[in-house]
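What follows is the residue order along each chain.
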Amino acid sequence: MITTSYLLARLLLLGSLWTTAGAVMAEEKSKEVESFSIAAVADIQYADANPRGGREPREGVARIKNAISHWNKRDLDWGVALGDIIDWDDIDYSQFPKQTVETTPKEWKNTRAILAAWNTLKVPNYKVLGNHDYYVPYKDADGLSKPASVYRAFGFKDKAYYEFSHKGYRFIVLDGDVSHLNHDIETEEYKLAKAHYNALKGPARGIWSAGISTKQMKWLKGVLDDSLAKKEPTVIMCHYPMHKPYGGHTLFNAAEMTTLLDKFPNVVMWLNGHDHRGAYQKIGNRHHLNLKGMQNEGNNWYQIDFSPESITVYQAEEVKTPKYELKLSWQPQKSSQKSSQK
C-alpha cells in the first residue's frame, strides 16, 4: 500500500536529485570558454618629475587618462596594469639604488595620483607590481616597512600574487618578490635577497629585475594543477619576461619557471611588461608577449581579445588591424591530459 508519506518522500527525493543535476549542469556550463576583451597597459611609470633621458614620468597621468577615455567606450570586461605603475615615490630617485634618500613628508603623491587616474576605468581593474612600484622609503610614515607598505598603498592585503577565473579562462598574477630592493634594509628578508642577488651569475642578473620565491612557486604549482584539472586555458601575468635570450630584464629564475610551465600545456600565455621595447616569442604552445611601455610612448596601450581558439591584440586606437593574432594550440575539448605534477 502506497501511503501519502511515501509519495511525499519520493517527491522530495526526486526534487533533490533534480536540483543536484541542475547544479552540476550549471557548473559544467560555467566552465565553457567564452569570448571577451580586456584593457592592458605596462610601465606607466608616473612621477611628478622632469624628463630623464628619453622618458617623461610626468606624462603618465595624462597618457593613461587618454587610454581610458577610449577603453571606456569599448565593450571590455576588465583591465590590467602590468607593473611599474609609478616611477618612484617619496625618495630622491637620482641617488637610487645606491642609497634610498627619503623625502618628507611621506604622502605617496605619485601613487595616489596615478591610481586615481587608473580607477576611472569603468570596468574592474587588476594590478601587477613591478620593480619601480617598490622604489619608495624603507618605512612608511607610521613605521610600516616595505614590502607591506607597498602592498597597502596599492590595495593589497598581505601579498601581491593572486588568481581568478573569468569566462572559462584562469588568470594568475605573479609578484617578483625576490629582490633586495623590495625590502627594508634592516630586515632579514633584505639580507637574504641581497645574498641571493650577489650569488646570481649570467646575463639574467639585472639590478632592476626580480625572482619568484619558493613559497610563491609552490602556490603557483597548486593553482596550475587545479587549472589543468578543470581544463582551463591559463594566462600568467607578471611584470618580468622569462623568454630567451636572457638579459638584464629577465626574471631571475626564468629557467626554473620554464621547467614548471612546460608541464602544463594549458598555460597558453605569459603576459608581461618591464622591457619597454616589447617582444614576442612562442615557447612550445605558449605565447610570450611583452607589451611596450607607456613610459616611452603614449600610444602603448592595448586591447586583448580572448576566445576559445585565439588571443588577439590591438594597440591604441586601432581596433581593426591586430598587432598579434595568436592561435591557441591547446583547447579544453582537445585535451584530457592530467597534470604530471600530482
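Provided above is the structure to which this section pertains.
Residues numbered from 1 in each chain as written. Predicted model: local features only at pLDDT ≥ 70, side-chain atom pairs only at ≥ 80, totals over all residues. Heavy atoms only, no water.

A.B. asks: So what about the overall build of the protein chain? Which residues, and what values?
C.D. replies: The helix and strand tally for the protein chain stands at seven helices and twelve strands. Looking at the protein chain as a whole, 53% of its 342 residues qualify as buried. Accessible area of the protein chain: about 16200 Å², with a carbon and sulfur share of 53%. (Helix = DSSP H or I, 4+ residues; strand = E, 2+ residues; numbered from the N terminus. Buried < 20%, exposed > 50% of the residue type's maximum accessible area, 1.4 Å probe, protein only. Areas by Shrake-Rupley, 256 points an atom, 1.4 Å probe, with all protein chains shown as cover.)

A.B. asks: Kindly report on the sheet that holds strand 6 (residues 234-237), identifying the contributing residues and their values.
C.D. replies: Pairing in this open sheet of six strands is mixed, and the strands run 4-5-6-7-9-8 from one edge to the other. The open sheet has two edge strands, strand 4 (162-166) and strand 8 (279-283), and neither has a second partner. The mean inter-strand angle of the sheet, taken between neighbouring strand axes irrespective of direction, is 15°. Here strand 7 (residues 267-272) runs beside strand 9 (residues 286-290); their pairing, made up of four bridges, is parallel. Following the sheet pairing, Leu-271 is matched in strand 9 by Leu-289. (Pairing = 2+ DSSP bridges. Axes fitted to C-alpha atoms, helices over the stretch in contact; angles between N-to-C directions.)

A.B. asks: Which residues make up the sheet that holds strand 1 (residues 36-41), and what are the values?
C.D. replies: One open sheet accounts for six strands, arranged 3-2-1-10-11-12; its pairing is mixed. Looking at strand neighbours, the two that pair on one side only are strand 3 (125-127) and strand 12 (324-327), the edges of this open sheet. Averaged over all pairs of adjacent strands, the angle between their axes in this sheet comes to 20°, without regard to strand direction. Bridge count between strand 1 and strand 10 (residues 302-306): five bridges; the pairing is antiparallel.

A.B. asks: An account of the packing of helix 2 (residues 60-71) against helix 3 (residues 109-118) is requested, with residue identities and associated values reported.
C.D. replies: Two measures define how a pair of helices packs: the angle their axes make with one another and the distance between the axes. Viewed as axis vectors pointing N to C, helix 2 and helix 3 meet at an angle of 10°, and their least axial separation amounts to 9 Å. When the axes of helix 2 and helix 3 are compared, the pair comes out roughly parallel. The residues of helix 3 that touch helix 2, namely those facing Gly-60, Val-61, Ile-64, Lys-65, Ile-68 and Trp-71, are Ala-113, Ile-114, Ala-117 and Trp-118. A breakdown of the residues in the contact of helix 2 with helix 3 according to their chemical character gives eight nonpolar, one polar and one charged. (Parallel < 35°, antiparallel > 145°, perpendicular 65-115°, else oblique. Contact = heavy atoms within 4.5 Å. Nonpolar A, V, L, I, M, F, W, Y, C, P; charged D, E, K, R; others polar.)

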